[in-house]
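Survey of secondary and tertiary structure
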Amino acid sequence: MPGRFDGKVVIVTGSSSGIGKETALHFAREGAKVTVTGRSLERLQAVKKELLESGISETDFLIVPADVTSSTGQDELISQTLSKFGKIDILVNNAGASITDAEGKTGVSQGIDSYEKTMKLNVQSLIEMTQKARPHLAKTRGEIVNVSSIVALGHGWQSRPYYSLAKAAVDQYTRAAAIDLIEEGIRVNTVNPGFVKTLFHEAELGWTADQAQEFYDDIGSNKYAIPAGFIGRPEHIAKAIAFLADRNSSEFIVGQNLVVDGGTTLVLGIHAAK
Ligand code: NDP
């Protein structure tokens, strides 16, 4: 059966786990050729196994172990994709994290080291990947989808200011890039997820899997946190990314933020009042 992304070549950064992994699987199942990447060789091997088990041929995916914050890592992603698949149609800038202060400080006391690392991963690497993919996306009149967050929107996140400001920068960069690049036929948008069950919270807070599950059960059943009544799953975000990457579905959406959060951003504190 023909797939929605037949013949398209997609790079998904941060696809060794969570939202990026599900996005890579989604594109591959819909006929795309996909470059999967991340730093963890173990997790990349697990994605390779899932791709093969889904019936995806090794000719249709590429695994590139790389640190997306390094210039050489970025160059490898682009050059290996071109050398195996010959072009780039879609770039999903998904790699990201809230990087904890080495001394565990939060709020305005959070150290400058965590500020620099958070900005480098969430913002600078996204800018550099955009610049490096640009000439190739111009040739295919391609798409960029940036993975931002609801923390970029009109709320303060007291304990993690740098992560929030990094994602706000992603939204603002997306707007500027969207105006600039649409002249070359390249569309740029963001998906802004709410709470999604991935390794994000374990990585950020150093939680065990059990502690993370407790958090997801708790927040997922709290209608004042997620009106939909359940925690987001990576596939919810993958489908939104695919929608914005599919020109047939979203051609006239340029430089926008698609919020996918089960209603979290609709809930004001007043609703929690007894
Ligand atoms: P995960 O921790 O499950 O996945 C993060 C991915 O980013 C992994 O594949 C990781 O790979 C990769 N990554 C992190 N640092 C680097 C690096 N330096 N170089 C290369 N790859 C890197 O989290 P999510 O799937 O949740 O996160 C995906 C995106 O979604 C992020 O941008 C996050 O900010 C955003 N988001 C997540 C939300 C959530 O509730 N989960 C909510 C809102 C936004 P590896 O470790 O192998 O390097």
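Coordinates for the structure precede this section.
The sections below set out a description of the structure shown in this document. Note that residues are indexed from 1 along each chain, following the sequence as it is written. Totals for whole chains, interfaces and linings use all residues, but because this is a predicted model, local features are given only for residues with pLDDT of at least 70 and pairs of side-chain atoms are given and counted only at 80 or more. With hydrogens and water set aside, each side-chain value is computed from the structure's full complement of heavy atoms.

If DSSP finds at least two bridges between two strands, the strands pair. Only DSSP runs of H or I reaching four residues or more are called helices, and only runs of E reaching two or more are called strands; each is numbered from the N terminus. Spatially, seven strands are ordered β3-β2-β1-β4-β5-β6-β7 in an open sheet, and the strand pairing comes out parallel. If you trace the sheet from one side to the other, it starts and ends with β3 (61–65) and β7 (257–260), each paired once. Strand-to-strand, the axes of this sheet are offset by a mean angle of 15 degrees, without reference to chain direction. The pairing of strand β5 (residues 143–147) with strand β6 (residues 187–193) spans five bridges and is parallel. Paired with Val145 across the two strands is Asn189, which belongs to β6. When checking whether two residues touch, look at their non-hydrogen atoms; a contact exists if any pair is within 4.5 Å. Axis definition: a line fitted to C-alpha atoms, over the contacting stretch in the case of helices. Angles run 0 to 180 degrees between N-to-C directions. The strands touched by helix α1 (residues 18–29) are β1 (9–12), β2 (33–38), β4 (90–93) and β6; relative to β1, the strand with the most contacts, the crossing angle is about 170 degrees. Sitting on the sheet, helix α4 (residues 112–140) is in contact with β4 and β5, with an inclination near 175 degrees to β4.

Before going further, it helps to spend a moment on the site of the ligand. A cutoff of 4 Å decides nearness: a residue is near a molecule or strand if any of its heavy atoms lies inside that distance of it. The environment of the ligand is made up of 31 residues, and the closest members are Ser17, Arg39, Asn94, Tyr163 and Thr198. In protein, a polar contact requires one atom able to donate a hydrogen and another able to accept it; more generally it is a pair of N or O atoms within 3.5 Å, and residues adjacent in sequence count only if both atoms are side-chain atoms. Here Tyr163 contributes a side-chain N or O atom positioned 2.5 Å from an oxygen atom of the ligand. Measuring from an oxygen atom of the ligand, one finds a backbone N or O atom of Phe200 at 3.5 Å. Notes on the ligand: free accessible area 890 Å², of which the protein chains cover 94%. Breaking the shell around the ligand down by element, the ones donating at least two residues are α1, α5 (161–182) and α6 (200–205). Residue type decides the class: Asp, Glu, Lys and Arg count as charged, Ala, Val, Leu, Ile, Met, Phe, Trp, Tyr, Cys and Pro as nonpolar, and the leftover types, Gly among them, as polar. Split by residue class, the shell around the ligand holds twelve nonpolar, 15 polar and four charged. The method behind every accessible area is Shrake-Rupley, applied with a 1.4 Å probe, and residues are considered shielded solely by the protein chains displayed.

Oppositely charged side chains are able to pair whenever their charged atoms sit close together. Salt bridge criterion: a side-chain nitrogen from Lys or Arg within 4 Å of a carboxyl oxygen from Asp or Glu. On inspection of all chains with the given rule, the structure shows 15 salt bridges. The closest approach of N and O atoms between Lys117 and Asp113, which form a salt bridge, is 3.0 Å. With Lys117 and Asp113 both in helix α4 and four residues apart, this pair spans about one turn of that helix. Exposure classes here rest on a 1.4 Å probe applied to the protein chains alone. A residue is buried below 20% of its type maximum, exposed above 50%, and partly exposed in between. Overall, Lys117 belongs to the partly exposed group, its relative accessible area being 43%. Put simply, Arg4, Glu30 and Asp246 are held in one network by salt bridges that share partners.

What follows is about the packing of helix α3 (residues 71–85) against α4. Taken N-terminus to C-terminus, the directions of α3 and α4 make an angle of 30 degrees; their axes are 10 Å apart at the nearest point. If you check the angle between α3 and α4, you find them roughly parallel. In the crossing of α3 with α4, the sense of the turn from one axis to the other is right-handed. Here Ser71, Gln74, Asp75, Leu77, Ile78 and Leu82 of α3 lie close against α4, whose contacting residues are Ser125, Glu128, Met129, Lys132, Ala133 and His136. Here the contact of α3 with α4 is composed, by residue class, of five nonpolar, four polar and three charged. The labels follow the angle: roughly parallel below 35 degrees, roughly antiparallel above 145, roughly perpendicular from 65 to 115, and oblique for the rest. Here a crossing is taken to be left-handed if its near helix is turned anticlockwise relative to the far helix by less than a right angle, and right-handed if that turn runs clockwise.

It is worth spelling out helix α2 (residues 41–53) at this point. For an α-helix, the turn length of 3.6 residues means that residues three or four places apart are oriented alike. For a helix, the expected span equals 1.5 Å multiplied by the residue count minus one. In a regular helix each residue adds 1.5 Å, so 13 residues correspond to 18 Å; α2 covers 18 Å between its end C-alpha atoms and thus fits that length. Inspection of α2 places Leu44, Val47 and Leu51 among the buried residues, and these make up the whole buried set. An end-on view of α2 places all buried positions within 55 degrees of arc, on one side of the element. In α2, the exposed positions that point more than 90 degrees away from the buried face belong to Glu42, Lys49 and Glu53. Check the buried side of α2 and you find it contacts α1, β2 and β3. Just downstream of α2 lies Gly55, where phi reads positive at about 85 degrees. An arc is given here, and it is the one of the directions from the helix axis to the C-beta atoms.

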